[in-house]
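One letter stands for each residue in the lines below.
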Amino acid sequence: MTIHTSQLTRAFGTQNVLNGVDLDLGPGIHGLLGRNGVGKSTLLRIIAGQLKPTSGTVEVFGQRPFDNARVMDRTCLTGVDTAYPGSWSGADVIKGARLRYRPWDQQLADALTADFAMDQALETRYGKLSRGQRAMVAIVIGLAAGTDLLLLDEPYVGLDTHNTDVFYRHLLAQAGTGRTIVMATHHIEDAAKVLDTAVVLGREGTVAKQCAPEDADAFAVAGGELLPIDDATRHARPARFDDLIEHYLEVY
Ligand SMILES: Nc1ncnc2c1ncn2[C@@H]1O[C@H](COP(=O)(O)OP(=O)(O)OP(=O)(O)O)[C@@H](O)[C@H]1O
């Protein structure tokens with residue numbers, strides 16, 4: 001397992017955000033889903049070694065990640081809100097990441113910057129980039145970093161339709177590479193096409209459900225409702241993975 005957590009909790013002051021998270025994730029592309037404020041970013045930061053848990057266990061590559069260079073060198077956490085230096089150009093931010101991550105794949109970085117048509121973003125100060133342009137920088141860094149563990153925090157925010165397709169195409173190319181990728185996302189329908197599993201973080205601050213695409217086979221949809229296949233009416237249609245995720249998000 002790349003990531004193991006057991007009874008993981010994290011509080012901010014008197015607010016308990018994570019409340020006993022039990023999670024095991026290995027190679028593959030995993031979605032981290034849940035309503036606003038349930039603690040997805042907090043969990044990613046703990047896994048990345050940037051934040052200490054309040055109690056419980058978190059192990060990444062078999063070690064405690066907090067401030068641990070052996071884990072952090074193999075992990076890249078990035079997203080549209082990552083605080084890269086605002087006075088650096090987009091190109092310099094990417095160059096900084098190239099120096100930071102040993103397995104960096106320059107060919108992939110070049111392919112992504114070309115597919116995103118990023119010329120202007122590369123020359124502009126990071127602090128002056130639009131959300132979509134910052135998303136592109138984050139995606140180039142995350143995918144090209146080549147780290148064994150990639151944590152993407154809502155990486156697509158602000159991307160137009162064309163660039164969203166570019167992102168998902170390149171993300172899908174990572175399937176089967178042996179990397180472990182965890183993506184916090186609200187884009188259920190798009191994400192469902194690329195995910196191996198979806199982890200739903202519930203409002204109680206625990207893992208409410210972890211499901212795989214094949215779990216959807218046990219359900220059918222009738223009139224917008226998700227029914228166990230045995231109870232389904234004759235004209236119900238088979239459930240899809242995104243139906244299943246959406247259902248759990250509504251319930252939890
Ligand atoms: N550094 C911090 N100090 C105090 N509270 C924090 C801090 N970081 C996060 N929180 C609180 O923890 C809760 C969870 O935040 P988090 O960003 O992890 O949620 P999220 O699931 O990623 O939300 P969203 O889907 O809206 O991005 C929120 O109530 C937030 O205000």
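In this text the structure is predicted, and so the values were computed from the model without any measurement.

A. View of the layout of surface pockets. If you add up the space inside the largest pocket, you get close to 280 Å³. Forming the walls of the largest pocket are 16 residues, and the residues nearest its centre are Gln50, Leu77, Tyr84, Arg100 and Tyr101. Among the secondary structure elements, those contributing two or more residues to the lining of the largest pocket are β5 (75–79) and α3 (90–100). When residues of the lining of the largest pocket are assigned to their parent elements, the largest contribution, 4 residues, is made by α3. Classifying every residue of the lining of the largest pocket by side-chain character gives 11 nonpolar, 4 polar and 1 charged. Forming the boundary of the second largest pocket are 13 residues, of which Ser41, Gly79, Asp81, Thr82 and Asp153 lie nearest the centre. Among the elements that take part in the lining of the second largest pocket, β5 stands out by supplying 3 residues, more than any other.

B. Molecular detail of the packing of aromatic side chains. Summed over all chains, the structure comprises 3 aromatic pairs. Ring centres 5.6 Å apart and planes at 90 degrees place the aromatic pair Tyr84 and Tyr126 in the edge-to-face group. With Tyr84 in the loop between β5 and α3 and Tyr126 in the loop between α5 (119–123) and α6 (131–145), this residue pair connects regions lying 42 residues apart in the sequence. Relative accessible area serves as the criterion here: at 18%, Tyr84 is assigned to the buried category. On the basis of relative accessible area, Tyr126 is assigned to the buried category, the value being 4%. Each ring, one from Phe167 and one from Tyr168, has its centre 5.0 Å from the other, and the planes form 50 degrees; the classification is tilted. With relative accessibility at 0%, the residue Phe167 sits in the buried group. The ring of Phe61 is capped by Arg74, whose NZ or CZ atom sits 3.7 Å from the centre of that ring.

C. Quick look at the side chain of Thr164. With respect to the helices, strands and loops of the structure, Thr164 is situated in helix α7 (residues 161–172). For Thr164, the contacting residues outside a window of four places in its chain are Leu159 and Asp190.

D. Highlighting the site of the ligand. Surveying the vicinity of the ligand reveals 13 residues, the closest of which are Gly37, Lys40, Ser41, Thr42 and His186. Contact distances for the ligand include 3.3 Å between an oxygen atom and a side-chain N or O atom of Glu154. Compared with its free state, where it exposes 640 Å², the ligand has 61% of that area covered by protein. Mapped by element, the contributors of at least two residues to the shell around the ligand are β2 (15–25) and α1 (40–47). Residue contributions to the shell around the ligand peak at 3 residues, all from α1. When grouped by side-chain class, the residues that make up the shell around the ligand number 3 nonpolar, 7 polar and 3 charged.

E. Layout of the packing of α3 against α6. At a minimum axis distance of 10 Å, the contact between α3 and α6 shows a crossing angle of 20 degrees. Taken as axis vectors, α3 and α6 run roughly parallel relative to one another. Between α3 and α6 lies a crossing of right-handed hand. Residues Val93, Ile94 and Ala97 of α3 touch α6, and the partners they reach there are Val137, Val140 and Ile141. For the contact of α3 with α6, the residue count by class is 6 nonpolar, no polar and no charged.

F. Spotlight on helix α4 (residues 106–115). Regarding α4, the residues found buried are Leu108, Ala109, Leu112 and Thr113. End-on, the buried residues of α4 take up no more than an arc of 130 degrees, which puts them together on one face. Exposed side of α4, more than 90 degrees from the buried face: Gln107 and Ala114 are the residues found there. Where α4 is buried, its residues touch α3, α5, α6 and α7. For α4, the capping residue at the N-terminal end is Asp105, with a side-chain oxygen 3.2 Å from the backbone nitrogen of Gln107. Backbone geometry just after α4 places Ala117 at a positive phi near 50 degrees.

About the cut-offs
Residues numbered from 1 in each chain as written. Predicted model: local features only at pLDDT ≥ 70, side-chain atom pairs only at ≥ 80, totals over all residues. Heavy atoms only, no water. 1 Å grid on protein atoms, 1.4 Å probe; cavity = no way out; pocket = protein on both sides within 12 Å on 5 of 7 lines; lining within 4 Å. Points joined across faces, edges and corners; volume = space filled by probe spheres on them. Helix = DSSP H or I, 4+ residues; strand = E, 2+ residues; numbered from the N terminus. Nonpolar A, V, L, I, M, F, W, Y, C, P; charged D, E, K, R; others polar. Phe/Tyr/Trp six-rings, centres within 6.5 Å; stacked < 30°, edge-to-face > 60°. Buried < 20%, exposed > 50% of the residue type's maximum accessible area, 1.4 Å probe, protein only. Lys NZ or Arg CZ within 6 Å of the ring centre and 35° of its normal. Contact = heavy atoms within 4.5 Å. Near = heavy atom within 4 Å. Polar contact = N/O pair within 3.5 Å; in protein donor to acceptor, adjacent residues only side chain to side chain. Areas by Shrake-Rupley, 256 points an atom, 1.4 Å probe, with all protein chains shown as cover. Axes fitted to C-alpha atoms, helices over the stretch in contact; angles between N-to-C directions. Parallel < 35°, antiparallel > 145°, perpendicular 65-115°, else oblique. Left-handed = near helix turned anticlockwise from the far one by under 90°. Arc of directions from axis to C-beta.

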